[in-house]
Amino acid sequence: MSRIPLKGWLLVLGLLAVGWVGPGLTQSTPPQPANGPSAGLAAWDGIAKVLQHPRCLNCHQVDTPLQGDSRRPHIPNVVRGTDNHGVVGMRCSNCHNETGNNPTSGVPGAPHWQLAPTSMQWQGLSSGDLCRALKDPERNGKRSLDDLVHHMGLEGDPLVLWAWTPGAGREAIPISHPAFIDLLKTWARGGGPCPQ
């Protein structure tokens, strides 16, 4: 049996290290970084599932909120109003308190309960259109991608966090909040890529 000299092994290891493979010595495609656009686009699929869930879409409506997992019309029939908190006599705070879900009545609650601003209306948007709306500062409250991560993170908006603890009889967001934030960070690091 012949022995390969040390210089031969070093040459083989060197070629492998720089990505040369196969008999034709062609260079392989470098792997996509975990923080690149491909990773961000893959992360978007999970993000879209959260944002298109009833816990989010029920309040990201044009004029009237929806209720429950079936997304039925809100009872009583409330409307947006000029400040997104309803109209005189039918304010969101008439039923929804700032401190949380009411276990006796079943009415949900969180700080500043309201409809999302009209610029943040997501009803009927495709996944790609939702992605573009979410990252557009003119439609997302003037937020950068990093601001969006903060807004939806533990130190962010308690109304957003409510979606993961919506109270008895309501389906929570289907993935954990930490997993969602990891997806959001991956998407942001990838530059916020959107599907077509």
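Residues numbered from 1 in each chain as written. Predicted model: local features only at pLDDT ≥ 70, side-chain atom pairs only at ≥ 80, totals over all residues. Heavy atoms only, no water.

Chemist: Got a minute to help me understand the state of the cysteines in this structure?
Modeler: Simply put, disulfide is the name for a covalent bond between the sulfur atoms of two cysteines. Following the criterion strictly, the structure yields 1 disulfide and no others. Disulfide pairing is shown between cysteine 131 and cysteine 194; the S-S distance is 2.0 Å. Classification of the bridge connecting cysteine 131 and cysteine 194 rests on its S-S torsion, roughly -80°, and on that basis the disulfide is left-handed. Residue cysteine 131 is located in helix α4 (residues 127-135), and its partner cysteine 194 is located in the segment after α7 (177-189); the two are separated by 63 residues in the primary sequence. Since its relative accessible area comes to 0%, cysteine 131 is described here as buried. With relative accessibility at 19%, the residue cysteine 194 sits in the buried group. Note on cysteine 59: no disulfide assigned, nearest cysteine sulfur contributed by cysteine 92 at a separation of 7.7 Å. Free of any disulfide, cysteine 95 has its nearest cysteine sulfur in cysteine 92, 9.1 Å distant. (Disulfide = S-S within 2.5 Å. Helix = DSSP H or I, 4+ residues; strand = E, 2+ residues; numbered from the N terminus. Buried < 20%, exposed > 50% of the residue type's maximum accessible area, 1.4 Å probe, protein only.)

Chemist: So what exactly am I meant to see when it comes to the environment of proline 117 here?
Modeler: Along the chain, proline 117 turns up in the loop between β6 (90-91) and α4. Judged by relative accessible area, proline 117 falls into the partly exposed class, the value being 28%. Sequence-wise, proline 117 and arginine 139 are 22 residues apart; in three dimensions their C-alpha atoms are separated by 8.9 Å. Discounting residues that sit within four places of it in the chain, proline 117 has contacts with Arg80 and Asn84. (Contact = heavy atoms within 4.5 Å.)

Chemist: Hey, could you run me through the environment of cysteine 194 in this one?
Modeler: With 150 residues separating them in the primary sequence, cysteine 194 and tryptophan 44 have C-alpha atoms 7.3 Å apart. Once residues within four sequence positions are removed from consideration, cysteine 194 is found in contact with Leu41, Gly128, Cys131, Arg132 and Lys135.

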